[in-house]
Amino acid sequence: MSENETENETPVSDALLAMTVTSLEISDLSPRELMIARIAALVAVDAPAASYALNALPATESGINLDDVEDILVAVAPIVGTTRVVSATVNIARGLGFVIALAEAELEEELEAEEELEAELEAEAEAEAKAEAEAKEYGDPLLAVLPAG
């Protein structure tokens, strides 16, 4: 495994995100206006669902919501045509599905980690309680105050 691979597990996604951030930084458009232009361009080039997924976070952060996306589709429809608008609608839905699935997976991992930690803490508490009970049972005051383990 190369040094870059250990430092960066998602190089393509990270590069695309960096390009988006750079375009936001050097454009005279507001972040919201820039994302409106990007979404319109995605519709015009019949972008795949992954492209919409990659732009979902920057769009949301710039204040774009689903009503705005609908307005963008209406605005570009006379230029790009019905086929592209329908395709974009499907790909936007799929892209949002990707984003939701990733968020769910991350949340599930966090919940599993929390459950594991809770189980470890519970096992430690049970071990301490058992050690204290044994110390009291055998009447050794020193054992009663020492931590288990």
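This text goes with the structure placed above it.
Residues numbered from 1 in each chain as written. Predicted model: local features only at pLDDT ≥ 70, side-chain atom pairs only at ≥ 80, totals over all residues. Heavy atoms only, no water.

A. Spatial organisation of the overall build of the protein. Per the secondary structure count, the protein includes seven helices and zero strands. In the protein, the succession of helices and strands from N to C terminus is α-α-α-α-α-α-α. Looking at the 149 residues of the protein, the share that counts as buried comes to 19%. (Helix = DSSP H or I, 4+ residues; strand = E, 2+ residues; numbered from the N terminus. Buried < 20%, exposed > 50% of the residue type's maximum accessible area, 1.4 Å probe, protein only.)

B. Expanded view of the layout of surface pockets. For the largest pocket, the calculated volume is near 450 Å³. Lining of the largest pocket is provided by 16 residues; of these, Ala53, Leu54, Leu57, Val99 and Leu102 occupy positions nearest its centre. Contributions of two or more residues to the lining of the largest pocket are made by helix H2 (11-26), helix H4 (49-61) and helix H6 (82-138). Split by residue class, the lining of the largest pocket holds eleven nonpolar, three polar and two charged. Around the second largest pocket sit 14 residues that line it, and Ala56, Ala59, Leu66, Val69 and Leu96 are the ones nearest its centre. Looking at the lining of the second largest pocket, the elements with two or more residues in it are H4, helix H5 (66-80) and H6. The element contributing the most residues to the lining of the second largest pocket is H4, with six residues. (1 Å grid on protein atoms, 1.4 Å probe; cavity = no way out; pocket = protein on both sides within 12 Å on 5 of 7 lines; lining within 4 Å. Points joined across faces, edges and corners; volume = space filled by probe spheres on them. Nonpolar A, V, L, I, M, F, W, Y, C, P; charged D, E, K, R; others polar.)

C. Structural view of the packing of helix H3 (residues 31-44) against H4. H4 packs onto H3 with a crossing angle of 170 degrees between their chain directions and a minimal axis gap of 11 Å. Considering the angle they form, H3 stands roughly antiparallel to H4. Side by side, H3 and H4 meet where Met35, Arg38, Ile39, Leu42 and Val43 of the first sit next to Ser51, Tyr52, Asn55, Pro58 and Ala59 of the second. Tallied by class, residues from the contact of H3 with H4 come to seven nonpolar, two polar and one charged. (Axes fitted to C-alpha atoms, helices over the stretch in contact; angles between N-to-C directions. Parallel < 35°, antiparallel > 145°, perpendicular 65-115°, else oblique. Contact = heavy atoms within 4.5 Å.)

D. Local environment of H4. For H4, which comprises 13 residues, the first-to-last C-alpha distance of 19 Å matches the rise-based estimate of 18 Å (1.5 Å per residue) to within 8%. Taking the largest bend as the criterion, H4 deviates by roughly 40 degrees, centred on Asn55, and proline Pro58 comes between one and four positions later. Turning to H4, its buried residues number three or more, namely Ala49, Ser51, Tyr52, Ala53, Asn55, Ala56, Pro58 and Ala59. Just downstream of H4 lies Gly63, where phi reads positive at about 100 degrees. (Expected span 1.5 Å × (residues − 1). Bend = angle between axes of the 7 residues up to and from the residue.)

E. Layout of unusual backbone geometry. A positive phi angle is found at Asp46, which is not glycine, with a value near 55 degrees. Residue position: Asp46 is located in the loop between H3 and H4.

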